[in-house]
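These are the residues of each chain, in order.
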Amino acid sequence: MLTEPTSSATRTIVLIDPKADSTSSLAGRLQMQGYTVSVAEDPADGARMALADPPAAVIADLWMPSISGVQLCRLLKAEPATEHTPVILRGPDTPRNRFWAERAGASAYVVKGRMGDLVRALRQAIAAAPVSEGFFTTFAGEDIRERIAAHLDAALFESVLSSELRALGTCGAFDRLFDMFSQFVSRVATYRWLAVSTREPSRLGLHASASGRLNAEAEARAALHLDASAFVVSVEDNDACDAPLGPPPIIRAIELGGIHIGDLALSLPDGDAFQDEGFVAVIAREIAGPIRMATLVEESQRLATIDALTGLMNRRAASAVLQKDLARAARYGQSLSLILLDVDHFKMINDRLGHRTGDVVLAALGKTLLQQARLSDTAARWGGEEFVVALTCTDAAGGVTFSERLRAAIEAMVVLDSDNEPVHVTASIGVATYIPGDSLDSLVDRADRAMYAAKSSGRNRVVTAAGPDSAPGITASGTSISADRSSFSEPAKQPVARH
Amino acid sequence: MSSRILVVDDSATLRQEVSEVLTKVGFDVIEAEDGQIGAEMISKDSTISVVICDVNMPRLNGIDMVRNVKSQPQNANLSILMLTTDGQPALIKKAKEAGAKGWIVKPFKPAQLVAVVQKLAGVA
């Protein structure tokens, strides 16, 4: 490879102008400036000349009969031999022409006849161009027009790929996005597996054949350096081919606005990998936006549904879920128990130990509830220091067993205040079991009254609401208390005696 | 002439064709039938100044051979031309990145080949 370009190369211009008369005067002017000028009247010849011996710059007209200046420019930019060679297009003074010339990769667009502009543009473009390595390309018989058409086709293909991928931005969630994405890519390429990993949250989307799935996951994890914590979305079908290991997987970073948001990996069967590398670069580039969109949508849904401090569902989202749980219980004749939990002496904890400690208590409670609740249960923060758990397919006895376990778990929590002193946390729990005809409100109301009964009878205990088949409530010490609706007239908004 | 031209191609016909064109103008031409042999000959013979090389060859393909050879500092001034039927821009780019000096799409024009080789060998 030549390290120093020869002096003639820095001063050689290829000038393409179908009109011979205007060309000669322009060529003369450029020669006076010290350039060596090679003239071509036919754009195809001019292109061939530039490719066979890359000059310092190419000057061409925008309007030429067979090949337009824009097509010529695009050709030269697409060819490795002339990709860094400045192309200056000359034409009429219209914004759209200037815009399109620039989009085609022209270094400058100069209005025809403005010699000064041209000379200046030439000097600037040549100075700004990277040093030429002298790489050339020659086509003995191939028509330049065919080459232009081939490049245009490639550019159009990339454009179609890009727009179809960007349209996936409407998928609201990652799993749906990955499903659509893998369907799309498998139509355009043949692969053993396709993987997309994201950071924050850590996820892995994997498309492989059913039989190749296990190997694919192992290979993908290794290639993308993923730990076991990544949440996996797996798509299995015959659109991924079952072939033995071929070349190492192609890996591309997925970046958006300079931020590395994930990686794309593709494992191809043995064969020609050359063509697919450019293709993988395009899909990695275009999938970034849709991934970010899906993440944002999921995040906003989560924020709308989850109480940040405790990690439990918030009341609004939980109400909707509980309505459904109730409807199911009613329709299928299943049992359902609802517990209402209120932290004991919470106001005092806040006043004496500070609101930060109060928050720590609530967060610990949230964690305990999540640990105790089963997958089929719904746990939610219902109010400031109030919590609700709906236990599906659970009768009164089951509700009580659960509640007692919960009560004990809460009492056993180790929570430290700001002085690292342990805080004794307990809760009063009311349990109500679904009776046909119950609405969510009536069920919660009964649990609420039971909870107040727990409060007023000493706290840190479980009390059941009375119903036709009510089971007795269990106190902290193991004896029973049952609260009949009629046994107390009006529940106080706040428990009366707090110490 | 002190500079030698090496032609690397798995087709004996092609090697002969190129050899004839270049010996006619006075070059000393030697041949190799695949990239591996080509690379070996380059490492052993420092009078080789220009290599004309096919892309699709057994054992070691043209582009890998270029990369291999050009990564060695003693071959900094060695000019390698690809001569092949293929014209895909992606492949051409790979050859350029590997360190090739140019890409000629077959069939080649003898006069053009001679001119290029003369320029690269540093002759008139």
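Predicted model only: the values in this text are computed from it and were never measured.

**Q** I would appreciate a short explanation of helix α9 (residues 213–224) of chain A in the present structure.
**A** Residues three or four positions apart in an α-helix share a direction because the helix packs 3.6 residues into each turn. Residues and elements named next belong to chain A. Between the first and last C-alpha of α9 there are 16 Å, a value that for 12 residues agrees with the 16 Å anticipated at 1.5 Å per step. When we look at burial in α9, the residues that qualify are Ala216, Glu219 and Ala220. Each buried residue of α9 sits inside an arc of 100 degrees when the element is viewed along its axis, so together they form one side. Those residues of α9 that are exposed and angled more than 90 degrees off the buried face are Leu214, Ala218 and Ala222. Where α9 is buried, its residues contact β7 (193–198), β8 (203–208) and β11 (259–267). Immediately downstream of α9, the backbone of His225 shows phi near 55 degrees, a positive value.

**Q** Please explain the interface of chain B and chain A as it appears in this structure.
**A** With 17 residues of chain B at the contact, the number on the chain A side is 16 residues. For the side of chain B that touches chain A, the secondary structure elements donating two or more residues are α4 (89–98) and β5 (102–105) of chain B. Residue classes in the side of chain B that touches chain A are distributed as 9 nonpolar, 4 polar and 4 charged. Sheet topology note: the strand β6 (residues 136–139) of chain A/β5 of chain B ladder contains 4 bridges and is parallel. When the bridges of β5 of chain B are listed, Thr137 of chain A appears paired with Trp103 of chain B.

**Q** What should I look at first to understand the sheet that holds strand β9 (residues 231–236) of chain A in this one?
**A** Each strand in a sheet pairs with its neighbour through backbone hydrogen bonds, running either in the same direction (parallel) or in the opposite one (antiparallel). Residue and element names in this part refer to chain A. Taking strand neighbours across the sheet as the criterion, the 5 strands line up as β9-β8-β7-β11-β10 in an open arrangement whose pairing is mixed. Either end of the sheet is taken by a strand with one partner, and the two such strands are β9 and β10 (250–256). Across the sheet, the mean angle from the axis of one strand to that of its neighbour is 15 degrees, orientation sign disregarded. Looking at chain direction, β10 and β11 are connected through 7 bridges and run antiparallel. Each residue of the ladder has a partner; that of Ile254, found in β11, is Gly262. Against the sheet, helix α8 (residues 174–188) makes contact with β7, β8 and β9, and its axis sits at roughly 40 degrees relative to β9, the strand it touches most. α9 rests against β7, β8, β9, β10 and β11 of the sheet, and its axis sits at about 135 degrees to β8.

**Q** Honestly, helix α5 (residues 110–121) of chain B in this entry has me stumped. Any pointers?
**A** Residue and element names in this part refer to chain B. An ideal rise of 1.5 Å per residue puts 16 Å on 12 residues; α5 measures up with 16 Å between its terminal C-alpha atoms. All of the buried residues along α5 are Leu113, Val116, Val117 and Leu120. End-on view of α5: buried residues confined to an arc of 95 degrees, all on one side of the axis.

**Q** Which parts of the structure should I look at to understand the sheet that holds strand β2 (residues 36–40) of chain A?
**A** Residue and element names in this part refer to chain A. Spatially, the 5 strands line up as an open sheet ordered β2-β1-β3-β4-β5, and their pairing is parallel. For this open sheet the edge positions go to β2 and β5 (108–111), each flanked by a neighbour on one side alone. Along the sheet, successive strands turn relative to each other by an average axial angle of 20 degrees, direction set aside. Of the strand pairs in this sheet, strand β1 (residues 12–16) and β2 are connected by 5 bridges, and their pairing is parallel. The partner of Val14 across the bridge, within β2, is Ser38. Sheet strands in contact with helix α3 (residues 43–52) are β1, β2 and β3 (57–61), and its direction is about 160 degrees off that of β1.

Cut-offs applied
- Residues numbered from 1 in each chain as written.
- Chains lettered and ligands numbered in written order.
- Predicted model: local features only at pLDDT ≥ 70, side-chain atom pairs only at ≥ 80, totals over all residues.
- Helix = DSSP H or I, 4+ residues; strand = E, 2+ residues; numbered from the N terminus.
- Expected span 1.5 Å × (residues − 1).
- Buried ≥ 20, exposed ≤ 12 C-beta atoms within 10 Å, placed from the backbone.
- Arc of directions from axis to C-beta.
- Contact = placed C-beta atoms within 7 Å.
- Nonpolar A, V, L, I, M, F, W, Y, C, P; charged D, E, K, R; others polar.
- Pairing = 2+ DSSP bridges.
- Axes fitted to C-alpha atoms, helices over the stretch in contact; angles between N-to-C directions.

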